[in-house]
Every structure is written in C-alpha cells, then in structure tokens.
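# Chain and residue survey
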Amino acid sequence: MPGRGSGTIENLLSERFPRMLMLQTTSACNASCVFCPLPGLRKTMPQGKMSEALFRSIVDQAAEHPEVACLNLFLMNEPLTDRRIVQRLHYAGERCPRAQISLWSNAVALRRDMADRLLDSPLTSLGVSLHAHHPKTYQRLTGRKDLYRVLADLVYFVEQRLARRPDIELVLRYVGASAMSDDEKEELREFWQDGQLRLDVDDGFLSRAGNLRAPAEVTTPHRWMAGCKALGGPKQAHVLYTGQVVLCCMDYQRKSFIGDLNEQSITEVWTGQQRRRVLEALYGQRPADEEFICSRCELAIPGSEPSMR
C-alpha cells in the first residue's frame, strides 16, 4: 500500500535482517477479483502450501531479532484458506511477542467459529478487502454471490472484537470504489460508523506491476528509478510458500527472486548480492531492464539517468 515510502538505499543495505516479514503460508484464494492477477495465473503457475518445518524455521529466525516489528501471515493469497493459520498465528505470537501479528483477508472464510478462534489468538491487526456494499457490485468485482453472508459474519467479528479484543486494529478496504455509486459508498460508511474501525475507500488503480492492463493515462517508470512509494516495499521480506524470497508483493509471476530460505538463512538473503543488485536498480544506481518488476509499477518513484562526470 502507498505510504511514507521505503527509505533510502543506504538504510536498506545497512539492515542485516528485515524489520517486516510477509509469509505466504498458502497460495490459495477463494475469490476471483477483477483487480487481482491471481485468477489469470492460478492455472498456469504452481500452487501449494508452506511446510510447517519451513514456517517454524522462518519464525524462529525472526524470534532472534528483536528489531522485527511485524509478521504478516499473508502474501498474494487468502490466508484463511490455510487450515493451520490459527495455529501459525499462535506460534508466531509466542515466538515473537513484541511483533505485530497481522492478516489481510477477504473475509469469505471468516465464519463465526473462525472469528472466535482469531479473537483468541495473538492476532493484533486484521485487514479486510471487502470491495463493495451491494451484492451486484460485489459479484461483478469478486465473482462471488454471498455478500450478505460475508457481511453478517463480519459484523459478528466486529461486535465480538469490540467486546473481547478492542486492541485488534481493523481496516476495511474497498479497492473497487470506482465501481461503486456515491450512494453505495455513503451506505457503507453509515453501515460501519459504529464499528471503531478504519475505512479505506480507494478509487485509484494499480496494475500490480504490469500484471493487469493499465488505462492509457497510467504511466510507469522504466529504466531509471529513485525508490518506492510503498510503506513496506523493499523493507519487507516477501516469502513464497516454496521458501523463495521475492522483492515485492506485486510479483504475482514470481520473477524478482532474491534468495531461497531452503538453502539460505534470512540474514544471508537480506545481505546477499541478489538483493543488493535489485535495490541498486530500484534506486537508480544501475539501469533497470524492462522486465524488472519495479519498471512496470506505479508505486516506483521515477528517476533520471545519472549525469556523466
């Protein structure tokens, strides 16, 4: 998500361990959102689940670093499709008690029993990608017909959170805001006004680093860049279910490989030459080719070629 930016290359290269980790415990998703590349890729790319041994190894390494501020147990997926997600939340919270433990979900699998289990877990932050408040808009955007059921279960979670776990940060995000009428937007704001949560109603467009066709007016930088607008971005280690580490959560095609946690420690990946080279391209210390993921992303900050001396 856009934010204050991901800092300078000097600061990023000085870190020996990521302050944030994003873990894809499964590659599965139970929706077909029109603004997500997954529906078009899930049949052509390998899918799977992270092994328990790999998951625990990652969390155990993070536990040795008190500077780790956040463990996000999601990445280009729907985390609640992972049948072990609650156990994994508990393990992450027990091993890294000072870190924020977060999920981002579409709430389709947030049934009442799951809501109760999440509320009894070390979860500290939940983001929900809801996208619409009317059934027809919801079906058009997500491919699903069960908005009212999803809303009813989400209302249960909101009410129980207020009663039992008001410390859990809750964000509802509507990426499809441009598809909603003004009346629909107003209705959703009124609907959630007493929920003590944050609404993120987003009218913008992201091509997910070129994985979706962008409107003609949307331009992206190419060979020279000056960093990333995203708050997490290259500050965060993005670990696929396979243990491979990619640069960014926009890399749905898994091309920005910077390491493999089956063969390397997190520290070795974070201080390795592959990460250094992609950061040098992102921060304009070397030209980037057109296949470089940041060259196709609206969140990359456009730069200019350094003058010759």
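To be clear, the structure that these remarks concern was listed above.
Keep in mind that this is a model prediction, so the values were computed, not measured. (Residues numbered from 1 in each chain as written. Predicted model: local features only at pLDDT ≥ 70, side-chain atom pairs only at ≥ 80, totals over all residues. Heavy atoms only, no water.)

## A few points about unusual backbone geometry
- Look at M76: it is not a glycine, yet its phi comes out positive at around 50°.
- Among the structural elements, M76 can be located in the loop between β2 (70–72) and α4 (85–95).
- Positioned with a positive phi, H131 is a non-glycine residue whose angle comes to about 80°. (Helix = DSSP H or I, 4+ residues; strand = E, 2+ residues; numbered from the N terminus.)

## Structural notes on helix α3 (residues 52–63)
- Helix length check: α3, at 12 residues, gives a terminal C-alpha distance of 16 Å against a target of 16 Å (1.5 Å per residue), a fit within 8%.
- Residues of α3 that are buried include every one of L54, F55, I58, V59, Q61 and A62, and no others. Taken end-on, α3 shows its buried residues confined to a sector of 160°, consistent with a single buried face.
- Lining the buried residues of α3 we find β1 (20–23), β2, α4, β8 (236–239) and α9 (266–270). (Expected span 1.5 Å × (residues − 1). Buried < 20%, exposed > 50% of the residue type's maximum accessible area, 1.4 Å probe, protein only. Arc of directions from axis to C-beta. Contact = heavy atoms within 4.5 Å.)

## A word on the packing of aromatic side chains
- Scanning the entire structure with this criterion turns up two aromatic pairs.
- Relative to Y91, the ring of F55 lies with its centre 6.4 Å away and its plane at 55°, an arrangement referred to as tilted. Here F55 is found in helix α3, whereas its partner Y91 is found in helix α4, with 36 residues between them in sequence. The burial state of F55 is the same as that of Y91; both residues are buried.
- Taking the centre distance of 4.8 Å and the plane angle of 85° together, the rings of F191 and W192 count as edge-to-face.
- Sitting above the plane of the Y91 ring, R56 keeps its charged end 4.2 Å from the centroid.
- It is R88 that lies over the ring of F55; its NZ or CZ is 5.1 Å from the centre. (Phe/Tyr/Trp six-rings, centres within 6.5 Å; stacked < 30°, edge-to-face > 60°. Lys NZ or Arg CZ within 6 Å of the ring centre and 35° of its normal.)

## Overview of helix α10 (residues 273–282)
- Restricting attention to buried positions, one finds in α10 the residues R275, V278, L279, E280, A281 and L282.
- G284, located one to two residues past α10, shows a positive phi value of around 75°.

## Section: a negative patch on the surface
- Together, D182, D183, E186, E187 and E190 make up a region of like negative charge exposed at the surface.
- Looking at D183, the relative accessible area reads 59%, which means it is exposed. (Patch = residues over 30% accessible without salt bridge, like charges linked within 9 Å, V, L, I, M, F, W, Y side chains within 5 Å. Areas by Shrake-Rupley, 256 points an atom, 1.4 Å probe, with all protein chains shown as cover. Salt bridge = Lys/Arg side-chain N within 4 Å of Asp/Glu carboxyl O. Lys, Arg positive; Asp, Glu negative; His and termini not counted. Charge placed at Lys NZ, Arg CZ, Asp CG, Glu CD.)

## What to know about the pairing of strand β3 (residues 100–105)
- Summarising the sheet, β2 and β3 pair through three bridges and their orientation is parallel. Considered in β3, the bridge of C70 is made with Q100.
- This β-α-β element, β2 to α4 to β3, shows right-handed connectivity.
- Looking at chain direction, β3 and strand β4 (residues 125–129) are connected through four bridges and run parallel. Paired with W104 across the two strands is G127, which belongs to β4.
- For the handedness criterion, the β-α-β arrangement of β3, helix α5 (residues 112–119) and β4 is classed as right-handed. (Pairing = 2+ DSSP bridges. Right-handed = clockwise from strand over helix to strand, strands pointing away.)

## Let's talk about the nonpolar core
- If you look at the biggest cluster of nonpolar residues, it comprises 97 residues, and the most contacted ones within it are L21, I58, L103, L110, L118, W192 and F292.
- Of the residues forming this core, the biggest block, seven residues, is contributed by helix α7 (residues 147–164). (Core = buried A, V, L, I, M, F, W, Y, C linked by side-chain atoms within 4.5 Å.)

## Observations concerning the layout of surface pockets
- In this structure, the second largest pocket spans a volume of roughly 220 Å³.
- Around the second largest pocket, the lining is made up of 13 residues, and of these V278, D289, E291, F292 and I293 lie nearest the centre.
- At three residues, the largest contribution of residues to the lining of the second largest pocket is made by α10.
- Looking at the lining of the second largest pocket, its residues break down into seven nonpolar, one polar and five charged. (1 Å grid on protein atoms, 1.4 Å probe; cavity = no way out; pocket = protein on both sides within 12 Å on 5 of 7 lines; lining within 4 Å. Points joined across faces, edges and corners; volume = space filled by probe spheres on them. Nonpolar A, V, L, I, M, F, W, Y, C, P; charged D, E, K, R; others polar.)

## Focus: the pattern of salt bridges
- Tallied over the entire structure, the rule returns 16 salt bridges.
- In this structure, E15 engages R19 in a salt bridge whose closest nitrogen and oxygen atoms are separated by 3.5 Å.
- Relative accessible area serves as the criterion here: at 15%, E15 is assigned to the buried category.
- Judged by relative accessible area, which is 43%, R19 ranks as partly exposed.
- Across the pair R88 and E52 runs a salt bridge, and its minimum N-O distance is 3.0 Å. Residue R88 is located in helix α4, and its partner E52 is located in helix α3; the two are separated by 36 residues in the primary sequence.
- Linked by salt bridges that have partners in common, E52, R56, D82, R84 and R88 make up one network.

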